[in-house]
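# Understanding the architecture of this molecule
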Amino acid sequence: MTSENHKIITADQPMVMSPTGSTSQDASLSPSTSKPIQELPDELIQAGWSKCWSKRENRAYYFNRFTNQSLWEMPVLGQHDVISDPLGLNAAPASGEVTADAGLGNGQRKRHASEEMPQLGSNSFKRPKVETPVMPTTPTVPISPSTPGVKAWLSTTDEKQGQSSAPAPAPYRPPVVYWDLDIQTNAVIRERSPADHLPPHPEMELLRAQLTTKLRQHYHELCSQREGIEPPRESFNRWLLERKVADKGLDPLLPSECDPIISPSMFREIMNDIPIRLSRIKYKEDARRLLFKYSEAAKKMIDSRNATPESRKVVKWNVEDTMSWLRRDHSASKEDYMDRLEHLRKQCGPHVTAVAKDSVEGICSKIYHISAEYVRRIRQSHLKLLKDCNISVEGVEKTEVQDRLVYCYPVRLSIPSPPQPRVELHFENDMACLRYKGEMVKVNRGHFSKLELLYRYSSIDDPRFEKFLCRVWCLIKRYQVMFGSGVNEGSGLQGALPVAVFEALNKQFGVTFECFASPLNCYFKQFCSACPDIDGFFGSRGPFLSFSPASGSFEANPPFCEELMDTMVKHFEDLLERSSEPLSFIIFVPEWRNPPTPALTRMESSRFRRHQMNIPAFEHEYRSGSQHVCKRGEMYYKAVHGTAVIFLQNNAGYAKWEPTTERIQELLLAYKVSGHSLPSPGPSSSSTGDKDSKPAQERSSRSQDNSPLDKTAPDMTNI
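Residues numbered from 1 in each chain as written. Predicted model: local features only at pLDDT ≥ 70, side-chain atom pairs only at ≥ 80, totals over all residues. Heavy atoms only, no water.

### Quick notes on the overall build of the chain
Which entries qualify depends on this criterion: Strands here mean DSSP runs of E at least two residues long; helices mean DSSP runs of H or I at least four residues long; both are numbered from the N terminus. A 1.4 Å probe rolled over the protein chains alone gives each residue an accessible area, and that area as a share of the maximum for its type sets the label: buried under 20%, exposed over 50%, partly exposed in between. Working rule for contacts: check all heavy atoms of both residues, and any pair within 4.5 Å makes them a contact. Only the protein chains shown count as cover for residues, and all accessible areas are computed by the Shrake-Rupley method using a 1.4 Å probe.
In terms of regular secondary structure, the chain is built from 18 helices and 19 strands. Per-residue burial for the chain yields a buried fraction of 54% across its 719 residues. Partitioning the intrachain contacts of the chain with sequence separation of at least 6 by distance along the chain shows that 71% fall at a separation of at least 24. Summed over all atoms, the accessible surface of the chain reaches about 32000 Å², with 51% contributed by carbon and sulfur.

Here you go:
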């Protein structure tokens, strides 16, 4: 019985038995089970098989929930399916086996000798044995992170003909692909030793998630109790990013060794919401109401805090003057109210900040010290887990590496990974669901197949994919915790460039590497990310601020955190100063002009700036940071601020990847809005209200060229 026959059954309402014995309804997939059905081996359940009962035929058969394949006989372990063999490498029989396999029927084939192996663990994913280089070679022999022998998605005509007598289901092909993992890297680095991060484990990731959620709750309570405000939107997420710039601690997520202790990012964002949060205003009535609330809140704060007599006098006089104006002038426009509010903020703001300073610093300090305590608890638990598995952390020998240039390769860990617990996998429509101890994470099937390919290319310690599901669970849980669980929370911080822009960057400027990405939103298979301990198994080269390439062409679209962007620019200039090899960075940052960010100011005055263009707000788009779980129609959203695109290149990089007029035109054309994007999921800047760029009608797409002959006075040109 083929999957096609299965689909036309309309009389039987399908029901699938879950591994635990419960039933789930699916109108388009599986048959009903009205009789007791015995459980299948774990290997078949992991591959998506269930034993079902056909009312029409009055007999049992076996059905695969994500390939729609059905068999009368029990599936053979090792038979092709999209989990154990995503690319169908084991599906095609050898030429001498076609006749022998034809007699089996039911789409089954004889097991190869290579399949006669001990059963794998509960989390195992069988894949063909391939030879992957543990360490890269010199740049004279290009390093290919891809796995030799891996076939492309589409089979050749000869392969399809060879399988005609033993048909097998095709691997899952995403309807739309937002990545290109076939592009090889041109990024060259010095060979480096394996990192000493503690290997990931679901138990430790679960503990880290619980403590991080608890830390978010502490932050919410402190803001509410001490200042009477809600925490600024995504300020905790930006605090994690900003702290990692200065943190020397050992935890990959929570900060524990920072100087200074007081976070400038968190302090600034809380202060911006004191005495009340200022929101965007559309109507005159809203502007009048906001002015009234601000006046009352400022007066109340000055009266209830330990303010100086001078501060009390200034605030009280300005508030009374504003109240008097509100009572007598009823014909004011929205602009009049907003001008009055801006005047009141300038007069009262410094005095309000002075009385709230100690309290806000106390919030920042309290959150930091709680975080440091949580890091200590997590590390103690992690070391105990490794000790129980007879894995020593202190006695690990340093691997000697040669002082040579190599093509970049993923992060390797020096500490071996402990045995992994069972993680359950099942599919719900287009989502892959992974569960550990009742904690479920989800990822769409397209990105799940992408993670499998990245893992195949990058992981060298798990040839049988026994730890694959555990590491996918840890990866998704880590990013879920890092960017919060609110609606659209973190989407802006993880936003990516459109696919067409990446294609233009690669074609026109040789870009093969992303400086700020993750396994979930990367376009290339070589990238830097925030969590090297888990991301390294999926291709990450580690945090970019610790990554020192000697040559290559790079794209940088950092999270919109001012401190992180400023440190990024300093790192770029240091790399360009040291290298004489071709080195190019194309940076995408928000065009915040009121006031301009230090990063933008520094890049515009850099001697390495070769070109700059500005894309107006609402005329370009980003891919959602939640692309691995969002619907296809929600993949893109329009940018609410302008984007500055700046080329930083040394002389060799400029000679090789010069931003000519033709190349820039191709890049601008790729940036054209597709027409299917949504409004922005929310403000992603640290203080959107203070950094509004000029109105869209006053801006135009403009370009600035920096001639290599005159690095102090760049020419201004229009495209």
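### Observations concerning the sheet that holds strand β4 (residues 59-64)
To summarise the sheet geometry, strands pair through backbone hydrogen bonds and adopt either a parallel or an antiparallel arrangement. Applicable threshold: A pair of strands is considered paired only if DSSP assigns at least 2 bridges between the two.
If you walk across this open sheet you meet the three strands as β3-β4-β5, and the pairing is antiparallel. Both edges of this open sheet fall to β3 (49-54) and β5 (70-71), since each of them pairs with a single strand only. As paired elements, β3 and β4 share six bridges and run antiparallel to each other. Looking at β4, one finds that Ser54 is bridged to Arg59.

### Re the packing of helix α8 (residues 284-304) against helix α10 (residues 334-388)
In plain terms, the rule: Think of each axis as a best-fit line through the C-alpha atoms, taken over the contacting stretch in the case of a helix, with angles from 0 to 180 degrees between the N-to-C directions. Any angle that is under 35 degrees is reported as roughly parallel, and any over 145 degrees as roughly antiparallel; angles of 65 to 115 degrees are reported as roughly perpendicular and all others as oblique. By convention the crossing between two helices is left-handed if the near helix lies anticlockwise of the far one by an angle smaller than a right angle, and right-handed if it lies clockwise. Polarity classes work like this: nonpolar for Ala, Val, Leu, Ile, Met, Phe, Trp, Tyr, Cys and Pro, charged for Asp, Glu, Lys and Arg, and polar for all others, with Gly in that last group.
Running from N to C, α8 and α10 point in directions that differ by 20°, and their axes come no closer than 10 Å. Viewed along their axes, α8 and α10 adopt a mutual orientation that is roughly parallel. α8 and α10 meet at a crossing whose hand is left-handed. Residues Lys284, Ala287, Arg288, Leu290, Leu291, Tyr294, Ser295, Ala298, Met301 and Ile302 of α8 pack against Lys334, Tyr337, Met338, Arg340, Leu341, Leu344, Arg345, Gly349, His351, Val352, Val355 and Ala356 of α10. Tallied by class, residues from the contact of α8 with α10 come to 14 nonpolar, three polar and five charged.

### So, a negative patch on the surface
Put simply, the test is: Candidate patch residues must exceed 30% relative accessible area and have no salt bridge, after which like charges are joined if within 9 Å and Val, Leu, Ile, Met, Phe, Trp or Tyr side chains if within 5 Å. Salt bridges are counted wherever a side-chain nitrogen of Lys or Arg sits within 4 Å of a carboxyl oxygen of Asp or Glu. Neither His nor the chain ends contribute to the count of charged residues, in which Lys and Arg are positive and Asp and Glu negative. Charged side chains are reduced to one point each, which is NZ for Lys, CZ for Arg, CG for Asp and CD for Glu.
Negative charge collects at one region of the surface, where Glu335, Asp336, Asp339 and Glu342 lie side by side. With respect to the secondary-structure elements, Asp339 resides in helix α10. Since its relative accessible area comes to 53%, Asp339 is described here as exposed.

### Quick look at unusual backbone geometry
Here the bond from Ile274 into Pro275 is cis, since omega is 5°, no more than 30 degrees from zero. Considering the arrangement of structural elements, one finds Pro275 in the loop between α7 (264-272) and α8. Along the chain, Asn594 connects to Pro595 via a cis peptide bond; the corresponding omega equals 0°. Mapping Pro595 onto the fold places it in the loop between β13 (583-590) and α16 (598-604). The backbone of Glu234 sits at a positive phi, close to 65°, despite the residue not being glycine. On the accessibility criterion, Glu234 (6% relative accessible area) is buried. Backbone geometry places Asn429, a non-glycine residue, at a positive phi of 55°. Mapped onto the fold, Asn429 is located in the loop between β8 (424-428) and β9 (431-436). Accessibility expressed as a relative area gives 69% for Asn429, which makes it exposed.

### Regarding the packing of aromatic side chains
Note the following rule: In this scheme Phe, Tyr and Trp rings, the latter by its six-membered ring, pair at centre separations within 6.5 Å, and the angle between planes marks the pair as stacked below 30 degrees, edge-to-face above 60, and tilted otherwise. Two thresholds decide whether a charge sits over a ring: the Lys NZ or Arg CZ must be within 6 Å of the ring centre and within 35 degrees of the ring normal.
Under the counting rule described, the total for this entry stands at 26 aromatic pairs. Aromatic pair Trp325 and Tyr337: ring centres 5.5 Å apart, planes at 80°, arrangement edge-to-face. With a gap of twelve residues between them, Trp325 in helix α9 (residues 309-328) and Tyr337 in helix α10 connect regions that are remote in the sequence. Judged on exposure class, the residue Trp325 and its partner Tyr337 are both buried. Note that Arg59 overlies the ring of Trp72, its terminal NZ or CZ placed 4.0 Å from the centroid. Above the plane of the ring of Tyr409 lies Arg192, whose end atom (NZ or CZ) is 5.8 Å from the centre.

### Focus on α9
Selection criterion: Any helix carries an expected span of 1.5 Å times its number of residues minus one. As used here, the arc belongs to the directions running from the helix axis to the C-beta atoms.
Given a rise of 1.5 Å per residue, 20 residues ought to cover 28 Å, and the 29 Å separating the end C-alpha atoms of α9 matches this to within 8%. All of the buried residues in α9 are Ser311, Val314, Val315, Asn318, Val319, Thr322, Met323, Trp325 and Leu326. End-on, the buried residues of α9 take up no more than an arc of 160°, which puts them together on one face. Relative to its buried face, α9 has exposed residues pointing more than 90 degrees away, namely Pro309, Glu310, Lys313, Trp317, Arg327 and Arg328. Close packing links the buried residues of α9 with α8 and α10.

### A look at the confidence of the model for the chain
Applied cut-off: pLDDT measures how confident the predictor is about each residue, on a scale from 0 to 100.
Residues of the chain with pLDDT of at least 70 account for 74%, and the chain-wide mean is 79. Long-range and interchain partners of residues 1-37, a stretch whose pLDDT sits below 50, account for 75 contacts in this model, where long-range means more than four residues apart. This stretch, residues 80-122, has a pLDDT under 50; its non-local contacts, to residues over four places away or in other chains, come to 93 contacts.

### A closer look at the sheet that holds strand β10 (residues 439-444)
Spatially, the three strands line up as an open sheet ordered β8-β9-β10, and their pairing is antiparallel. In this open sheet, the two edge strands, each paired with only one partner strand, are β8 and β10. With strand direction ignored, the average angle separating the axes of adjacent strands in the sheet is 25°. As judged from the five bridges shared by β8 and β9, these two strands associate in the antiparallel manner.

### Thoughts on the pairing of strand β14 (residues 609-615)
Most of β14 sits inside the fold, with seven of its seven residues counted as buried. Here β14 pairs with strand β17 (residues 643-649) via six bridges, running antiparallel. Bridging from a neighbouring strand, Gln612 pairs with Ile646 of β17.

### Overview of the nonpolar core
Defined as follows: By convention a nonpolar core is built from buried Ala, Val, Leu, Ile, Met, Phe, Trp, Tyr and Cys residues, the set being connected through side-chain atoms within 4.5 Å.
Formed by 151 residues in total, the largest nonpolar core has its most connected members in Leu434, Phe448, Phe538 and Phe585. Ranked by residues supplied to this core, first place goes to α10 with 15 residues. Judged by nonpolar contacts, the second largest core, of seven residues, contains Leu44, Ile45, Trp49 and Tyr62.

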